[in-house]
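# Structural description and commentary
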Protein chains: 2
Amino acid sequence: MDSKEKIKKWLSENTNTGVKFLQRLVQEPSKRGQEGKAQAIVVEKCRELGLSIDLWEIGDDKLKSHANFHCDRTHFEGNPNLAAVKPGKGGGKSIILNSHIDVVPEGNLKDWHDDPFSGIVKDGRVYGRGSTDMKGGTASLLLALESLIANGIDLKGDVIFQSVIEEESGGAGTLATVLRGYKADGAIIPEPTNMKLFPLQQGSMWFRITVKGKSAHGGTRYEGVSAIEQAMKVIAELQRLEKARNIRLNHPLYKNIPIPIPINIGKFSSGDWPSSVPDVAVIEGRMGIAPIEKVKEAEQDLEECISRLNSEDPWFVAKTVELQWFGARWLPGSLELEHPLMEALSKNYTSVLGDNPIIEASPWGTDGGLLSNIGDTPVVVFGPGTTAVAHDANEYIEISKIFKSAEIIACTLIDWCGEAGVK
Amino acid sequence: MDSKEKIKKWLSENTNTGVKFLQRLVQEPSKRGQEGKAQAIVVEKCRELGLSIDLWEIGDDKLKSHANFHCDRTHFEGNPNLAAVKPGKGGGKSIILNSHIDVVPEGNLKDWHDDPFSGIVKDGRVYGRGSTDMKGGTASLLLALESLIANGIDLKGDVIFQSVIEEESGGAGTLATVLRGYKADGAIIPEPTNMKLFPLQQGSMWFRITVKGKSAHGGTRYEGVSAIEQAMKVIAELQRLEKARNIRLNHPLYKNIPIPIPINIGKFSSGDWPSSVPDVAVIEGRMGIAPIEKVKEAEQDLEECISRLNSEDPWFVAKTVELQWFGARWLPGSLELEHPLMEALSKNYTSVLGDNPIIEASPWGTDGGLLSNIGDTPVVVFGPGTTAVAHDANEYIEISKIFKSAEIIACTLIDWCGEAGVK
């Protein structure tokens, strides 16, 4: 039996313990600022596997002063970041396996059939907040590692497993791993891609636009200028900009996507009294950044659009529209489709599942943007969960996909890092 | 010296006590639910003048079940309504002098140069919340009455002075006077018209429109439907409706008004996350009602507009736009320009000020709508304050205008009610 067959066999024999591990992980509500207990479960598993543990609280000056630190969290005590290394025997390529431990809030409790952190198993699925995004992915990575270690399969290159905080809030955890020196020849991030391969990831950033009007009594509204009406002109400009940016984008993976890099208006708020002409409107939105685009270029596009309005529109000449970048940011990521890591993953996908993988570009940013742009580490996003249920009530993950993903990843590690022999 | 000359003389000799009365009135912050203390000052003055006092707490079932009771206030204890009558000697026309005692909140304290309830006198003005809207008007009415009584001038018709609560919140106080039986051959309401005569008043009512979209992640916004974009279609329809309604309106007093009966969008609120496609948008606004229009007709106009959208627009066929009438309402008011009360006021305006009065239509509703529509009492709105400073920081009223208004009103009472002789 060769190593890959041993892995398949081991995984099929260890379903129950794998599922139980994921259930325990889901049962710890690792919302922002409460990641510690779930992280402890991961650390315990890494110790059991004999990995070399690096556990630290992020937030030093180097991190906080970094240009890509977009984070409003004030303290990180008690909720550490983890890197756990299975050192290679030498002569092979290294790889980072990056997963985040933080989960988004559970939302409206009434929408859940069970407790959001039940980790209950039903119909071959594990349910609960974070099951798909992305504790199921974490389980896949650790099962992949355990299947190698349990079968005594040594690799030539280092495998660096990371369990980071803050992904959902802009990536300070992964940025901290890069600044601590963790880089590799490749990386896999098991975000919920429904087992598709995402070599490209759309980045994104948030903006706030403030539009001014002139207040008046609603009965003489012609004496005022409605900030709502003025904001509608700004929205029309944003729509034009979105169109222009998407026409410019030309990549085979995007040919079937209606709007590859959307400008989304997520929030519009103006006025506080039905009988008054509102004098301020605030728009908040998310601007997509193309995988191959520099953040600065995308920023300039929007800044120029607003500047043009401010110089050409008579009202805005008098009352300047204000643009502010705020909140979280996700860097885009881009890997050539023919990259060896893509080949290795694709090959093992096909041999495990008997089909070619679907290759797409992600419509959202991941920590991969930081690993690739700041950490110079080529990234493929590939994981067992599904975006459709992430961040939603009754989030779940299919157990079979966790184990198939683990098998594909373990086999890819053998090919990528190189087998050093069996103990 | 005839009666009108005596009135002029008395008013010129009683400036100080008149101003002090107004100052005391302004110094009692009679915001909604706290009208009692200011009302007590008015009652005291009416007792002093020997008027027949009717002081009562409104809120009986007859009021609360009335179709024009649009009020969310739960109790009225301790903040009574007042009617105070100077009975006529018989054979003359009666008149109601209606003023409201409630004032709007002071707004942002930082915008005020002095305490909002200082009642301070500077440069011939009394400053403070409510000075112009409309305690200065109340002072004019009481000075008019006092100038008659002090000079022993008896009238043939009844003069019914009213100091009501709730005008700023939709008129439950004045509605209560009508339901208690107070009607007359005419009425003057000294709202801040800057001494113009307003025989016509625009009515208004509030609406709330809820527009639905479909939520999605901003990175795949094409999978959702933006409630903001859908709401923009509704706003475009409201703009068309406003245009059509104003073209239809044809009245000489409106020929110079850009939009006689506006539909004002005062509030727009949608979405709560920059990266999500918002699935609900809520618009709140105020619809103007033409002076000669029935409320029901105006309601139908907007209801039909929304129904049309709901039957013709494919998205709205699936996700119905909801229209809700809510909050306060002000009935419109309309008096023919040649009405004898208009003539009496105009004549005395000219003889006191040496000029013809400016006659306009008010862009806002007053309690006059209730007096005329429900109480069958012809109404002219005429007062010393100015709309421009009402509801704003540093509200003030010019003292000279209070006394000129008082003189015009007192002389009008003589002509309207008929002089019964001097004691």
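Residues numbered from 1 in each chain as written. Chains lettered and ligands numbered in written order. Predicted model: local features only at pLDDT ≥ 70, side-chain atom pairs only at ≥ 80, totals over all residues. Heavy atoms only, no water.

### A look at the overall build of chain A
The condition that has to hold: Secondary structure elements are taken from DSSP: a helix is a run of H or I of four residues or more, a strand is a run of E of two residues or more, and numbering for both begins at the N terminus. C-alpha atoms define the radius of gyration, and 2.2 Å times the number of residues to the power 0.38 defines the globule rule. Buried, partly exposed and exposed residues are distinguished by accessible area as a fraction of the type maximum, computed with a 1.4 Å probe on protein chains only: under 20%, between the cut-offs, and over 50%, respectively. The contact criterion used is simple: two residues touch if any of their non-hydrogen atoms lie within 4.5 Å. Accessibility throughout is a Shrake-Rupley quantity obtained with a 1.4 Å probe, and a residue counts as covered only by protein chains that appear here. By the counting scheme adopted, Arg and Lys are positive, Glu and Asp are negative, and His together with the chain ends is not counted. All charge positions are set by atom: Lys at NZ, Arg at CZ, Asp at CG, Glu at CD.
Helix and strand counts for chain A come out as 12 helices and 20 strands. Its C-alpha radius of gyration of 24 Å places chain A within 12% of the 22 Å reference for a compact globule of 423 residues. With respect to the principal axes defined by its C-alpha atoms, chain A has extents near 85 × 45 × 45 Å. In chain A, buried positions account for 62% of the 423 residues. Taking the contacts inside chain A whose residues are at least 6 apart along the sequence as the reference set, 83% of them involve residues at least 24 apart. Accessible surface for chain A amounts to roughly 16,400 Å². Of this, 48% is attributable to carbon and sulfur atoms. If the 47 positive side-chain charges of chain A are averaged to one point and the 57 negative ones to another, these points end up 1 Å apart.

### As for the relation of the copies chain B and chain A
The operation relating the two chain copies consists of a rotation about an axis and a shift along that axis. Formally: For the least-squares superposition of copies, only C-alpha atoms count, and only for residues with pLDDT at least 70 in both.
Note on the copies: chain B fits chain A at an RMSD of 0.0 Å, the axial shift is 0.0 Å, and the rotation between them is 180 degrees. Each copy turns onto its partner about a two-fold axis. Residue S269(B) of chain B places its C-alpha closer to the rotation axis than any other residue of that unit, at 2.3 Å. When the interface residues of chain B are mapped onto chain A, 100% of them again fall at the interface, so both copies present the same face.

### Thoughts on the packing of helix α2 (residues 15–27) of chain B against helix α12 (residues 399–417) of chain B
Residue and element names in this part refer to chain B. Put simply, the rule is: Lines fitted to C-alpha atoms define the axes, with helix axes restricted to the stretch in contact, and inter-axis angles between N-to-C directions lie between 0 and 180 degrees. Geometric relationships in this document are graded by angle, where less than 35 degrees denotes roughly parallel, more than 145 denotes roughly antiparallel, 65 to 115 denotes roughly perpendicular, and other angles denote oblique. Residues are sorted three ways: Asp, Glu, Lys and Arg are charged, Ala, Val, Leu, Ile, Met, Phe, Trp, Tyr, Cys and Pro are nonpolar, and all the rest, Gly among them, are polar.
Between α2 and α12, whose axes approach to 11 Å, the crossing angle comes to 105 degrees. The orientation of α2 relative to α12 falls into the category roughly perpendicular. Residues T15, G18, V19 and L22 of α2 form the contact with α12, whose own contacting residues are I399, I402 and F403. Looking at the contact of α2 with α12 residue by residue, the class counts come to five nonpolar, two polar and no charged.

### Structural notes on the UniProt feature "domain: Peptidase M20 dimerisation" (unreviewed entry) in chain A
Stated precisely, the cut-off is as follows: UniProt positions are given in the numbering used here, feature names are shortened, and annotations may be inferred rather than shown by experiment.
As annotated in UniProt, the feature "domain: Peptidase M20 dimerisation" (unreviewed entry) corresponds to residues 201–312 of chain A in the numbering used here. Each end of residues 201–312 of chain A is marked by a C-alpha atom, and these two atoms are 35 Å apart; helix forms 36% of the span and strand 29%.

### Overview of the interface of chain B and chain A
The condition that has to hold: Defined here as a combined quantity, buried area equals the accessible surface (1.4 Å probe) lost by two parts on assembly, summed across both. Throughout this description, the term salt bridge denotes a Lys or Arg side-chain nitrogen within 4 Å of a carboxyl oxygen of Asp or Glu. Within 3.5 Å is the distance limit for a polar contact, defined as a pair of N or O atoms, with the added protein rule that one can donate a hydrogen and the other accept it, and that residues adjacent in sequence qualify only through two side-chain atoms.
Counting from both sides, the interface comprises 40 residues of chain B and, opposite them, 40 residues of chain A. Of all residues in chain B, R221(B), Y222(B) and P274(B) give up the largest surface area on contact with chain A, accounting jointly for 20% of the area buried on that side. The salt bridge partner of E242(B) is R221(A), with a shortest N-O separation of 2.7 Å. For the interface between chain B and chain A, the tally reads 10 residue pairs in polar contact (both at pLDDT 80 or more). Secondary-structure elements contributing two or more residues to the side of chain B that touches chain A are α7 (227–248), β12 (263–270), β13 (276–277) and β14 (280–289) of chain B. Top contributing element to the side of chain B that touches chain A by residue count: β12(B), with eight residues. Of the residues that constitute the side of chain B that touches chain A, the class distribution is 19 nonpolar, 14 polar and seven charged.

### Structural notes on the side chain of Q23(A)
All names here are of chain A. Tracing the sequence through the fold places Q23 in helix α2 (residues 15–27). The class for Q23 is buried, based on a relative accessible area of 18%. If sequence neighbours within four positions are ignored, Q23 has contacts with G119, I120, V121 and V126.

### A few points about the sheet that holds strand β15 (residues 322–330) of chain A
We apply this condition: Two strands make a pair as long as DSSP finds a minimum of two bridges between them.
With antiparallel pairing, the eight strands of this open sheet are ordered in space as β15(A)-β10(A)-β14(A)-β12(A)-β12(B)-β14(B)-β10(B)-β15(B). Each of the sheet's edge strands pairs with one partner strand only, and the pair in question is β15 of chain A together with β15 (322–330) of chain B. Between one strand and the next, the sheet's axes are offset by a mean angle of 25 degrees, whatever the strand orientation. Examined bridge by bridge, strand β10 (residues 203–212) of chain A and strand β14 (residues 280–289) of chain A share 10 bridges and lie antiparallel to one another. Bridged to T210(A) within β14(A) is V282(A). The strands that α7(B) touches are β12 (263–270) of chain A together with β10 (203–212), β12 and β14 of chain B; relative to β14(B), the one it contacts most, it runs at about 10 degrees. Across the sheet, helix α8 (residues 295–312) of chain B lies against β10, β14 and β15 of chain B, angled at about 155 degrees from β15(B), the strand it touches most.

### Here's the deal with the sheet that holds strand β5 (residues 125–127) of chain A
Residue and element names in this part refer to chain A. Read across the sheet, three strands follow the order β4-β5-β19 without closing on themselves; strand pairing throughout is antiparallel. The open sheet has two edge strands with one neighbour each: β4 (121–122) and β19 (396–398). By the bridge criterion, three bridges tie β5 to β19 in an arrangement that is antiparallel. Counterpart to Y127 in the pairing with β19 is Y396. α2 contacts β4, β5 and β19 of the sheet and is inclined by roughly 15 degrees relative to β5. Helix α12 (residues 399–417) rests against β4, β5 and β19 of the sheet, and its axis sits at about 60 degrees to β19.

### Quick look at helix α6 (residues 172–179) of chain B
All names here are of chain B. Taking burial as the measure, the eight residues of α6 include eight buried ones, the bulk of the element. When α6 is considered as a whole, its buried residues turn out to be A172, G173, T174, L175, A176, T177, V178 and L179. Each element contacted by the buried residues of α6 is listed here: β1 (52–56), α4 (61–64), β2 (81–86), β3 (95–100), β7 (159–164) and α11 (368–373). Looking one or two places after α6, you find G181, whose phi comes out positive at around 110 degrees.

### A look at the pattern of salt bridges
Residue and element names in this part refer to chain B. This model, assessed by the stated rule, comprises 62 salt bridges over all chains. Between E229 and R221 there is a salt bridge; the shortest N-O distance is 3.8 Å. In this structure R221 comes out as buried when scored by relative accessible area, which is 16%. In this structure, R240 and E237 form a salt bridge, with 2.5 Å as the shortest nitrogen-oxygen distance.

### Some points on the environment of F326(A)
For F326(A), the position within the fold is in strand β15. Residue classification places F326(A) among the buried residues on the basis of a relative accessible area of 17%. For the pair F326(A) and C71(A), spaced 255 residues apart in sequence, the C-alpha to C-alpha distance is 9.8 Å. Every residue in contact with F326(A), bar those within four places of it in the chain, is listed here: W206(A), F207(A), R208(A), E284(A) and P274(B).

### Regarding the domain arrangement of chain A
All names here are of chain A. Selection rule: A domain assignment, automatic or from a database, supplies the domain bounds used here.
Taken domain by domain, chain A consists of domain 1 (3–201 + 332–422) and domain 2 (203–330). A C-alpha centroid distance of 35 Å is found between domain 1 and domain 2. In this assembly, 20 residues from domain 1 lie in contact with 15 residues from domain 2. The largest contributions to the domain 1 side of the interface with domain 2 come from H70, L200 and P332, which together make up 39% of the buried area.

### Observations regarding α8(B)
The periodicity of an α-helix, 3.6 residues per turn, causes residues three or four places apart in sequence to face the same way. Residue and element names in this part refer to chain B. Which entries qualify depends on this criterion: Between the first and last residue of a helix there are one fewer steps than residues, each counted as 1.5 Å, and that sum is the expected span. This arc describes the spread of directions from the helix axis toward the C-beta atoms.
Compared with the 26 Å implied by 1.5 Å per residue over 18 residues, the 26 Å span of α8 between its first and last C-alpha is a close match. All of the buried residues along α8 are V295, A298, E299, D301, L302, C305, I306, L309 and N310. Seen from one end, α8 has its buried residues packed into an arc of 165 degrees, which puts them on one side. Exposed side chains of α8 directed beyond 90 degrees from the buried face belong to K296, S311 and E312.

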